[in-house]
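Topology and contacts: notes
What follows is the residue order along each chain.
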Amino acid sequence: MQSRERVNKTTTNRIALGVIWLAAIATVGALGTILLYVIVNGIGQLTPAFIFSWPHGVNMEGGIWPTIQATLYVTILAMLITTPVAVLAAVYLAEYAVQGRLVQIIRFAADSLASVPSIVMGLFGLAAFVEGMGMGFSVMAAALALAFLLLPIIMRTTEEAIRAVPKYIRWGSYGLGASKWQTVSRIVLPSATPRIITGVILAAGRAAGETAVVIYTMGTMINAPILPTQPGRTMPVHLLLLAQEGINLPAAFGTALLLVLMVLAFNLTARYIVSRNRRMLG
Amino acid sequence: MSDTLASHMTGVIPTDNHANKFSVQKLDFFYGDFNALTDITVGIKENAVTAFIGPSGCGKSTFLRCLNRMNDLIPGTRNEGRVLLDGNDVYAPGVDPVDLRRRVGMIFQQPNPFPMSIYDNVAYGPRLHGVRKKAELDEIVEASLKRANVWKEVKDIMGRGGLTLSGGQQQRLCIARVLAVEPEVLLMDEPCSAIDPTSVQKVEDLMAELKDRITIVIVTHNMQQAARVSDYTAFFLQEVAGEPAHLIEYDRTASIFTSPRDRRTEDYITGRFG
Amino acid sequence: MTLDPKPDDRAVRLSEGSGRPNADAAPSAGSGLSTISRATYFKEAALQNLFLVCACVAVAGVALIFLFVGWRGWPIFAKVGLFNFLGGYVWHPTKGDFGILTLIVNSMLATLGALALGAPLAIGTAVFLSEVANPRIRDLVRPAVELLAGIPSVVYGFFGLVLLRPIIAKFSGGLGFGLFTVWIILAVMILPTIAAISEDALRSVPEGIREASYAMGATKWQTIWRVLLPAAKIGIIDAIILGMGRAIGETMAVVMVAGNAPVIPNGIFAPFLTLTTVIVMDMPYAAGDHRTALFGVAIILFVISMIFVATIRIISRFGKEVG
């Protein structure tokens, strides 16, 4: 009786652990399938001509350079707008805030902002910046809308980074007669910088891959924007339109692969910074 | 009970030619509603080493952190009573705790070098307080590292990260860092509990060298260490969990260790509890 | 939790120092202690206020979204009535029918199906990462999960469109657009969200609890099932709600594989339109009340996402109370 129970127990254990293994394998398999499929079908497209020339004709033959330029432009601008605000906001929450009603409201707002569907953020950008403030479809309007999307993400990673700086390092600074701001600016922020940068890079990846926000704020016109007041079509929007219209599938695969490579590059850079930092701190 | 103790206490504060650097009068300390320390009255002698001993949780570190207002950094704490530094109340309204902490330096249990080079660690304090010239900084850094007994080990690796040093070297680096801002008082919160024995020796040596010019207060679990390094010893005890801790006995170290007046002190130093 | 009976004293500190500068900033006699200088005080206070303003940008963001989207969308509620808007099941805006009940139901169908597929997979992966995998395999699987989170939604949609849809079309006999395809894509998309947060929750269960369970002769699975998952359940529920939020708000991946017919699908392979995809489909040509209605849909989406956030807050507060 007892031995049968034990057999039962170990069998259940084995089966259950097997199922858990399967779940993990399925997860990795999903990623592998997507990556492999996009790489296999897109790699032939990745020629200098594809990357650096303009598309032409109804079938969008040729390259995708303007969409790359527009993507980089709007991503960098959004990061420039949102990073300082988000980092300082995180400094407030991690270092200055005293638990209370105001902090609760700020946290609830940040969580809400983080969960706003990007399509809603797109319509917000359209109503507020494109039409409300008369910016028209422009890199600026898209960057502002993206900035609100990224704000809570960078705030969260920065706050975690700041909180991860050990208390006793702060004490060392206060114990030497440093003021609060001196301690924050000279000790805490420099110590947290690698992790802050990691968060910022991952957020940039999110911005670069965003579709719903930019399509309603930058438009879909193929243009290589120079001024922030100009419109443009980003790579995700280009991919969406190519796919929806069913034209030029090879170009779509090439664009998809470039997007995936960009995300991969962001991810690996972030990973590298974290691991290098870990080694330095021993 | 604490009243009688206090009157008893004033009688035993050692009187000799040392002046009081700190004099603490009827200090009570609270974490929120919890009264952690009560009725501490003590005079800390100038240019001498005073040791605070007692079992864990007896409030000796908390008391130490009252002296340079480090407890201000913990929300929800407050105290009653007075802490006078050279006769001036450090908790008086308007007093700048930041400047107080420059004058009353602190060494922590865990060596806490900043994640920057050895040189920058020591130069941090002087830079905070406005020293900009490279030559002047070099001079301060070298002098401080020498006083902290760590110069020989680091003089060729000044650009290396402070965190790459061994624990004991890190602690001496932290001492150099504090010395660089020329404090009048050095508070040491179990400075030797996380470092190797050779470094302990070096730290104890440098305490003896420093006390000519600096008032040192050390919190330690190690009674041999208290006996070795200190001139005066204060024994703290929390007798009942949840009740505030208080000062049981304070006297010249020699007297405390050879002829304690209080039964509880004797029990503690002979190892009967704690 | 009122900790400090003297709020003006030190509970609210400006410069980690005492409250305010001495009006007559004169140090007390002798070798007295220096007081806080006005310059230092104002500099530290100004910086703190600057940081506070930055933190309040998040609040301003939420307010602005409500303001601007509400400004554009509100008239539709006034015109057809909130009840008719939410309760009407005919979406035929060019004929003046603005009922979004169908779209709400479709969004729910898409979300619940994706959860049914994705949540077990994600929680399984989380358990794998925190309890089963050895460090080497973990270092392989965790980056995979993070990468899944990083892939742009339009790439998911594209992948679904060009690879998944034809396969599903083959065995279902239709075009391959529809609920089932959306479920699979959304399941993979919400997987990293749920897995990462569930893993955190599992990791925060103290080691001693595991040891106690093993010490009583429990197998690994019994420990996971009877001890760890219950102990981490608040975090896992949070993870699932966040995953739901992500699924219901997802747009571009869905629009590419859903087929986008404004009816309740009559089968899992039938095309359908959701709250998010209706905006993408109609926005290019919508005008007048139709356009207003799309902004109205955006308001509803925003409110739904805030309800999810509030639910998570309530649950975790409740979780703290019970233990």
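1. A look at helix H4 (residues 101–132) of chain C
- Taking 1.5 Å per residue as the helical rise, H4 of chain C with its 32 residues ought to reach 46 Å, and the 44 Å between its terminal C-alpha atoms agrees with that figure.
- Where burial is concerned, most of H4 of chain C is hidden: 23 out of the 32 residues are buried.

2. Some words on the interface of chain C and chain A
- In this assembly, 79 residues from chain C lie in contact with 75 residues from chain A.
- Buried area between chain C and chain A, both sides added, is near 6,900 Å², and the carbon and sulfur share of it is 81%.
- Along the contact surface separating chain C from chain A lie nine residue pairs in polar contact (both at pLDDT 80 or more).
- With 21 residues, the top contributor of residues to the side of chain C that touches chain A is helix H2 (residues 38–80) of chain C.
- Of the residues belonging to the side of chain C that touches chain A, the class tally is 58 nonpolar, 13 polar and eight charged.

3. Here we look at the sheet that holds strand E3 (residues 49–53) of chain B
Residue and element names in this part refer to chain B.
- Taking strand neighbours across the sheet as the criterion, the six strands line up as E6-E7-E8-E3-E9-E10 in an open arrangement whose pairing is mixed. Bordering the open sheet on either side are strand E6 (104–107) and strand E10 (246–252), each of which pairs with just one other strand. Taking the axes of each pair of neighbouring strands and ignoring which way they run, one obtains an average angle of 15° across the sheet.
- Bridge analysis of E3 against strand E9 (residues 232–237) gives four bridges, and the strand direction is parallel. Bridge pairing links Thr50 to Tyr232 in E9.
- Packed onto the sheet, helix H2 (residues 60–67) meets E3, E6, strand E7 (185–189), strand E8 (215–219) and E9 and runs at close to 155° relative to E7.

4. Regarding the domain arrangement of chain C
Residue and element names in this part refer to chain C.
- Parsing chain C into structural domains produces domain 1 (1–79) and domain 2 (87–322).
- Buried area between domain 1 and domain 2, both sides added, is near 1,000 Å², and the carbon and sulfur share of it is 84%.
- The largest contributions to the domain 1 side of the interface with domain 2 come from Phe66, Arg72 and Ile76, which together make up 48% of the buried area.
- Summed over the shared surface of domain 1 and domain 2, the result is one salt bridge.
- In this structure, the salt-bridge partner of Lys79 is Asp289, at a minimum N-O distance of 2.4 Å.
- At the junction of domain 1 with domain 2, the criterion picks out one residue pair in polar contact (both at pLDDT 80 or more).
- Looking at the side of domain 1 that touches domain 2 residue by residue, the classes come out as eight nonpolar, two polar and two charged.

5. Let's talk about the nonpolar core
- The biggest cluster of nonpolar side chains holds 195 residues, and the ones touching the most others in it are Phe85 and Ile279 of chain C.
- Broken down by element, the residue count for this core peaks at 15 residues, all from helix H6 (residues 139–163) of chain A.
- Setting aside anything within four residues of it in sequence, one finds Ile279 of chain C in contact with Ile119, Leu123 and Tyr216 of chain A together with Leu294, Val297, Ala298 and Leu301 of chain C.
- Counting residues in hydrophobic clusters, the runner-up holds 54 residues, among them Trp151, Cys174, Met188 and Ile195 of chain B.

6. Details of the packing of aromatic side chains
- Considering all chains together, one arrives at 28 aromatic pairs over all chains under this definition.
- Here the aromatic rings of Phe235 of chain B and Tyr268 of chain B are separated by 5.0 Å at their centres, their planes lie at 25°, and the arrangement is stacked. Placement of the pair is Phe235 of chain B in strand E9 and Tyr268 of chain B in helix H11 (residues 263–269), with a sequence separation of 33 residues.
- Judged by its relative accessible area of 0%, Phe235 of chain B is buried.
- Pairing Trp74 of chain C with Phe77 of chain C gives two aromatic rings, centres 5.2 Å apart and planes at 80°, and the pair type is edge-to-face. Pair noted here: Trp74 of chain C and Phe77 of chain C are both in helix H2, with a separation of three residues, about one helical turn.
- Looking at Trp74 of chain C, the relative accessible area reads 55%, which means it is exposed.
- Residue class for Phe77 of chain C comes out buried when judged on its relative accessible area of 8%.
- Among the aromatic side chains, those forming a connected cluster through ring pairs are Phe124, Phe129 and Phe148 of chain A together with Phe68 and Trp71 of chain C.

Cut-offs used in this document
Residues numbered from 1 in each chain as written. Chains lettered and ligands numbered in written order. Predicted model: local features only at pLDDT ≥ 70, side-chain atom pairs only at ≥ 80, totals over all residues. Heavy atoms only, no water. Helix = DSSP H or I, 4+ residues; strand = E, 2+ residues; numbered from the N terminus. Expected span 1.5 Å × (residues − 1). Buried < 20%, exposed > 50% of the residue type's maximum accessible area, 1.4 Å probe, protein only. Contact = heavy atoms within 4.5 Å. Buried area = accessible area lost by both parts, 1.4 Å probe. Polar contact = N/O pair within 3.5 Å; in protein donor to acceptor, adjacent residues only side chain to side chain. Nonpolar A, V, L, I, M, F, W, Y, C, P; charged D, E, K, R; others polar. Pairing = 2+ DSSP bridges. Axes fitted to C-alpha atoms, helices over the stretch in contact; angles between N-to-C directions. Domains from an automatic or database assignment. Salt bridge = Lys/Arg side-chain N within 4 Å of Asp/Glu carboxyl O. Core = buried A, V, L, I, M, F, W, Y, C linked by side-chain atoms within 4.5 Å. Phe/Tyr/Trp six-rings, centres within 6.5 Å; stacked < 30°, edge-to-face > 60°.

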